[in-house]
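Topology and contacts: notes
Chain by chain, the residues run as shown.
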Amino acid sequence: MNLTKTLVAAGALASAAALLTACGSGTVGDTGGGTSQANSANAKKLALIPGVQAEPFYISLQCGAEAEAKKLGYELTTQAPQKFDAPLQTQLVNALGANPPAALLIAPTDDTAMLAPIQQVKARGAKIVEVDTALKDSSVAASSISSDNAQGGKLAAQTMGKLAGGKAGSVLVLDTIAGTSTTAARAKGFEEELKNTPNLKSIGIQFTQNEPDQAASKVTAALAANPDLIGVFATNLNTGEGAATGLRNSGKVGAVNLIGFDASPSEVEGLKNGQYQALIAQDPASIGTQGVQQAVAAVEGKPVTRNLTAELHSITKADMDANSQYFYKQSC
């Protein structure tokens, strides 16, 4: 997940429950059930709470989830916080109140802070399925579906090595917010894999608070302190856009290889015009589809798979046309 661009000020707490309407391995038993308090009238109702509103990754995930829910005869409603923020997301989870759905699909915005509110929904009888991100406590959800983010980081490091072509230099890793499971795994996977490319050295992981302007300033500072900077790995959309701005302001677009994570419309355009040299694309629609499948299985008392992963793809300008099916949507 993807973590993403804030479109509305974080202070607008009162409107955080606005409905997002952009879109019309071993098998184990379900251990994610709650009590029998779930409202029987909601037996065919599912709720999806993504990480943030109006972001192409989560819109694509929602599209996959909505299509699968309709196929299986369930009603899916989606609400998303206006910012990738635990307090805002907590409001939406709490708003489910005494009328919980049969299952809640959620991308926790904090792997620890979201534990208590999600547990409360589970206690009211809803099945819990994690999509994209996950809680540290693995006992809460019946199933968790995400990309293999550590593998995505490794794929980014391998791609960075190919782009460098044997040239020596340093590499900056931009993460988002501490406590975000997905981006942390990407950064760690990248750092570990980069050790296998001796001509490249990491100058460390820096956090941007998911703010593009902070990412831009981190890149500018890194360029000043490391004249041999040869690459930047940005772990999500906002860090990538900010990194591109920093490189552009420093006159280093194309001279420093920028690898972004995800394939939103703006990132795809950036790849086309040379601001990015590669993108690591997820398959969010597949995550949404599998999430609904597991939620319905849990609701109906059928076997569920505790952990599932979706594929990742490294895309460069040379092969972007052949991989256009992995570009994210802005609407269904």
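What comes next concerns the included structure. None of these values were measured; they are calculated from a predicted model.

Quick notes on the rules
Residues numbered from 1 in each chain as written. Predicted model: local features only at pLDDT ≥ 70, side-chain atom pairs only at ≥ 80, totals over all residues. Heavy atoms only, no water. Phe/Tyr/Trp six-rings, centres within 6.5 Å; stacked < 30°, edge-to-face > 60°. Helix = DSSP H or I, 4+ residues; strand = E, 2+ residues; numbered from the N terminus. Buried < 20%, exposed > 50% of the residue type's maximum accessible area, 1.4 Å probe, protein only. Lys NZ or Arg CZ within 6 Å of the ring centre and 35° of its normal. Expected span 1.5 Å × (residues − 1). Pairing = 2+ DSSP bridges. Contact = heavy atoms within 4.5 Å. Core = buried A, V, L, I, M, F, W, Y, C linked by side-chain atoms within 4.5 Å. Disulfide = S-S within 2.5 Å. Axes fitted to C-alpha atoms, helices over the stretch in contact; angles between N-to-C directions. Parallel < 35°, antiparallel > 145°, perpendicular 65-115°, else oblique. Left-handed = near helix turned anticlockwise from the far one by under 90°.

Applying the stated rule across the entire model yields 4 aromatic pairs. Aromatic pair F190 and F233: ring centres 4.7 Å apart, planes at 15°, arrangement stacked. Of this pair, F190 sits in helix α5 (residues 181-194) while F233 sits in strand β8 (residues 229-234), and the two are 43 residues apart along the sequence. The pair F190 / F233 is uniform in exposure class, with both members buried. Measuring from centroid to centroid gives 6.4 Å for F233 and F261, while their planes differ by 55°, and the two rings are tilted. Note that F233 is positioned in strand β8 and F261 in strand β9 (residues 257-261), a separation of 28 residues in sequence. Across from the ring centre of F261, 3.9 Å away, lies the NZ or CZ of R186, which sits over that ring.

Counted at 1.5 Å a residue, the expected span for helix α4 (residues 149-164) with its 16 residues is 22 Å, and the 23 Å between its end C-alpha atoms agrees. Residues of α4 that are buried include every one of N149, G152, G153, L155, A156, A157, T159, M160, G161 and A164, and no others. Two residues or fewer past α4, G165 is found with a positive phi of approximately 60°.

A separate point is the pairing of strand β11 (residues 307-310). Walk down a regular strand and you will see the side chains alternate between the two sheet faces. Of the two faces of β11, only the one carrying L308 and A310 is buried; N307 and T309 on the other face are not. Both strand β5 (residues 143-147) and β11 contribute to a ladder of 4 bridges, which runs parallel. Bridge pairing in β11 places I145 opposite L308.

Before going further, it helps to spend a moment on the side chain of S146. By the element assignment, S146 lies in strand β5. Once you skip the residues sitting within four places of it in the chain, S146 turns out to touch D132, I287, L308, T309 and A310.

Okay, the nonpolar core next. Ranked by size, the top nonpolar core spans 47 residues in total, and within it L46, L105, V131, V219, V232 and L258 carry the most contacts. When residues of this core are assigned to their parent elements, the largest contribution, 5 residues, is made by helix α1 (residues 56-71). With near-sequence residues (within four places) excluded, L258 lies in contact with V232, A234, G240, A243, A244, L247, Q275, Y276, Q277 and A278. The next biggest cluster of nonpolar side chains, apart from the first, holds 18 residues, and it includes A187, F190, L200 and I259.

Our focus in this paragraph is the state of the cysteines. Enumeration according to the criterion identifies 1 disulfide in this entry. The disulfide partner of C63 is C332, and the gap between their sulfur atoms is 1.7 Å. Sign of the S-S torsion, about -105° for the bond between C63 and C332, identifies this disulfide as left-handed. Of this pair, C63 sits in helix α1 while C332 is found in the segment after β12 (313-315), placing the two residues 269 residues apart along the sequence. Classification of C63 as buried rests on a relative accessible area of 10%.

In this fold, L163 is placed in helix α4. Taking the C-alpha atoms as reference points, L163 and I259, 96 residues apart in sequence, are found 9.8 Å from one another.

Attention now goes to the packing of α1 against helix α9 (residues 284-299). Running from amino to carboxyl end, α1 crosses α9 at an angle of 40°, the nearest separation of the two axes being 7 Å. In this view, α1 runs oblique relative to α9, as classed from their interaxial angle. The chirality of how α1 crosses α9 is right-handed. Across from F57, S60, L61, G64, A65, E68 and A69 in α1, the residues of α9 making contact are P284, A285, I287, G288, T289, V292 and Q293.

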